[in-house]
Amino acid sequence: LVGSEMCIRDRVMVMLALAIGLDSITGAAIILLGGAIGFSTGTLNPNTTVVAQKIAELPLYSGIGYRWVCFAVYYVITNIFLVRYALKIKKDPTKSPMYDLDQNSEFKSGSLDDFGHLDTRKTLCIVALVVALVVIVYGCIEKGWDFAEQSAVFLVLSIVVGLIAGFDLNKICAEFLKGTKKMLGAAFIIM
């Protein structure tokens with residue numbers, strides 16, 4: 001992990017894990033294993049589930065109940081192993097394969113209080129995300145939405161969350177453009 005290119009969420013999770021006395025493997029595993037579970041079960045993933053179901057000419061999000069069961073099983077098993085590992089490292093940090101590197105890590109400088117507190121704005125942003133996901137699932141199942149409609153929901157979500165966070169419209173646009181720059185390479189490859 002040290003020296004490799006990590007995105008912001010990976011850095012935050014590694015810093016958070018180190019701040020609570022765990023190792024960087026635990027921080028990275030939270031992100032990577034969570035993503036792997038979501039990707040492999042494809043419960044609400046438009047990039048895997050919708051594309052595969054279109055190719056197979058199945059109704060969008062059909063079989064969602066089975067995928068939720070798979071998600072739950074994978075989630076529980078993965079968390080059992082991850083929590084057992086984290087408790088072992090918390091008890092004796094020297095058992096971590098990353099112990100020496102974590103002691104000299106640039107991410108170890110912060111404390112748990114550096115992450116801030118869950119306030120009303122952050123809570124409303126989370127609620128807006130949940131509402132958007134419910135709207136997307138409903139739209140896909142009941143209204144036959146495709147990628148264009150799902151993209152529109154995410155676009156509206158980005159504006160709503162920006163306003164909730166207290167950004168003005170110029171700041172929302174600037175942050176949106178900054179985020180889209182990171183996806184430009186992938187967009188060219190797909191085209």
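Just so you know, these numbers come straight off a predicted model, no measurement behind them.

Re the packing of aromatic side chains
Here the distance between the centres and the angle between the planes together describe a pair of aromatic rings. One pass over the full model with this rule turns up 2 aromatic pairs. Taking the centre distance of 5.7 Å and the plane angle of 85° together, the rings of Trp68 and Phe71 count as edge-to-face. In this pair, Trp68 and Phe71 both sit in helix α4 (residues 64-91), 3 residues apart, roughly one turn of the helix. Here Phe71 falls in the partly exposed class, since its relative accessible area comes to 25%.

Thoughts on the environment of Thr41
Residue placement: Thr41 occurs in helix α2 (residues 24-41). Classification of Thr41 as buried rests on a relative accessible area of 6%. For Thr41 and Ile64, which are 23 residues apart along the polypeptide, the C-alpha to C-alpha distance reads 9.6 Å. In contact with Thr41, other than residues within four places in its own chain, are Arg67, Cys70, Phe71 and Tyr74. Polar side-chain contacts of Thr41 include one of 2.8 Å to the backbone oxygen of Ile37.

Description of the nonpolar core
Across soluble globular proteins, nonpolar side chains show a tendency to be buried alongside one another. Formed by Val50, Leu60, Tyr61, Ile64, Ala128, Ala132, Ile136, Val137, Cys140, Val153 and Leu157, the largest nonpolar core amounts to 11 residues. Put simply, the parts of the chain that give this core at least two residues each are α6 (120-142) and α7 (147-164). With 5 residues, the single largest contributor to this core is α6. In contact with Val137, other than residues within four places in its own chain, are Leu44 and Ile64.

Focus on the confidence of the model for the protein
Detailed conclusions should not be drawn from predicted coordinates in areas where pLDDT is low. For the protein, the mean per-residue pLDDT works out to 84, and 90% of the residues sit at or above 70. For the protein, the element scoring lowest by mean pLDDT is helix α1 (residues 8-19), at 77; α4 scores highest, at 93. The low-confidence segment residues 1-5, where pLDDT is below 50, has 4 contacts with residues more than four positions distant or belonging to other chains.

What counts and what doesn't
Residues numbered from 1 in each chain as written. Predicted model: local features only at pLDDT ≥ 70, side-chain atom pairs only at ≥ 80, totals over all residues. Heavy atoms only, no water. Phe/Tyr/Trp six-rings, centres within 6.5 Å; stacked < 30°, edge-to-face > 60°. Helix = DSSP H or I, 4+ residues; strand = E, 2+ residues; numbered from the N terminus. Buried < 20%, exposed > 50% of the residue type's maximum accessible area, 1.4 Å probe, protein only. Contact = heavy atoms within 4.5 Å. Polar contact = N/O pair within 3.5 Å; in protein donor to acceptor, adjacent residues only side chain to side chain. Core = buried A, V, L, I, M, F, W, Y, C linked by side-chain atoms within 4.5 Å. pLDDT = per-residue confidence, 0-100.

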